[in-house]
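Here's the letter readout for the chains.
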Amino acid sequence: GAVVSQHPSWVICKSGTSVKIECRSLDFQATTMFWYRQFPKQSLMLMATSNEGSKATYEQGVEKDKFLINHASLTLSTLTVTSAHPEDSSFYICSAPKSGGAGELFFGEGSRLTVL
Amino acid sequence: SQQGEEDPQALSIQEGENATMNCSYKTSINNLQWYRQNSGRGLVHLILIRSNEREKHSGRLRVTLDTSKKSSSLLITASRAADTASYFCASQKGQGAQKLVFGQGTRLTINP
């Protein structure tokens, strides 16, 4: 089946630094990818929709200058958390729709970010 | 919040019993999906039911959809310890590459 790879799986950084998370579709092309954020024992909150070759669409309340999304190719989307602060610590998960499917998403394994 | 609700938030049952989880959503939908998440991992798609469907089966999974009540249920029959995970429903307004709006999730624990 289709696989979405996410890297790194976990990262610890100092406050004020920037962190980049990669999301790759390994055996299919994805013109659209979705970035979610999940706090412990909570649900997934959609942050933004990443569109290949164009600007990402951000959900209300998500700072686009804080969470930079780049979808440079049909298999790679990146999320950069800029000037990270402890409140940005969270589990970030990307997903991509199944080609020709009815709407099912394939999810990466997630990236746990801890900002000290 | 656009998110739907799920109940129960947590469910603990004995192996072999059936587990039922319920989900409500807020807007009209094209389909309703259920996902499973093991602790600290990504989500795995389980089943999708379209808005014109009322019930769907996949192995030990049975999903129902009531669009008049904007609700869905997931039944796992003959539960196994390996079914221990969090289960999320997710609604989708359109077809294809459309965003999903997730429910709050149910943490299911199957006791051996």
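To start, this report covers the structure provided alongside it. Everything quoted here is computed from the prediction, not taken from an experiment.

All right, on to the packing of aromatic side chains then. Counted according to the given criterion, the structure contains eight aromatic pairs over all chains. For the pair Phe 28 of chain A and Phe 106 of chain A, a centre-to-centre distance of 5.9 Å together with 55° between the ring planes defines the contact as tilted. With Phe 28 of chain A in the loop between strand E3 (19–25) and strand E4 (32–38) and Phe 106 of chain A in strand E10 (residues 105–107), the pair connects residues that are 78 residues apart, well separated along the chain. On the basis of relative accessible area, Phe 28 of chain A is assigned to the buried category, the value being 12%. Overall, Phe 106 of chain A belongs to the partly exposed group, its relative accessible area being 22%. Residues Phe 107 of chain A and Phe 102 of chain B carry aromatic rings whose centres are separated by 6.0 Å and whose planes lie at 75° to one another, so their mutual orientation is edge-to-face. Of this pair, Phe 107 of chain A sits in strand E10 while Phe 102 of chain B sits in strand E10 (residues 101–102), on two different chains. Counting every residue linked through ring pairs, the aromatic cluster contains Tyr 36 and Phe 107 of chain A together with Tyr 35, Phe 88 and Phe 102 of chain B.

Turning next to the interface of chain A and chain B. Between chain A and chain B, the contact holds 23 residues from the first and 24 residues from the second. Across the interface of chain A and chain B, roughly 1,800 Å² is buried in total on both sides, 55% from carbon and sulfur atoms. Where chain A meets chain B, there are two salt bridges. With its nearest N and O atoms 2.4 Å apart, the salt bridge here joins Arg 41 of chain B to Glu 109 of chain A. Applying the counting criterion to the chain A and chain B interface returns eight residue pairs in polar contact (both at pLDDT 80 or more). Of all the secondary-structure elements, those providing two or more residues to the side of chain A that touches chain B are E4, strand E5 (44–51), strand E9 (90–97) and E10 of chain A. Broken down by element, the side of chain A that touches chain B gets its largest block of residues, four residues, from E4 of chain A.

What counts and what doesn't
Residues numbered from 1 in each chain as written. Chains lettered and ligands numbered in written order. Predicted model: local features only at pLDDT ≥ 70, side-chain atom pairs only at ≥ 80, totals over all residues. Heavy atoms only, no water. Phe/Tyr/Trp six-rings, centres within 6.5 Å; stacked < 30°, edge-to-face > 60°. Helix = DSSP H or I, 4+ residues; strand = E, 2+ residues; numbered from the N terminus. Buried < 20%, exposed > 50% of the residue type's maximum accessible area, 1.4 Å probe, protein only. Contact = heavy atoms within 4.5 Å. Buried area = accessible area lost by both parts, 1.4 Å probe. Salt bridge = Lys/Arg side-chain N within 4 Å of Asp/Glu carboxyl O. Polar contact = N/O pair within 3.5 Å; in protein donor to acceptor, adjacent residues only side chain to side chain.

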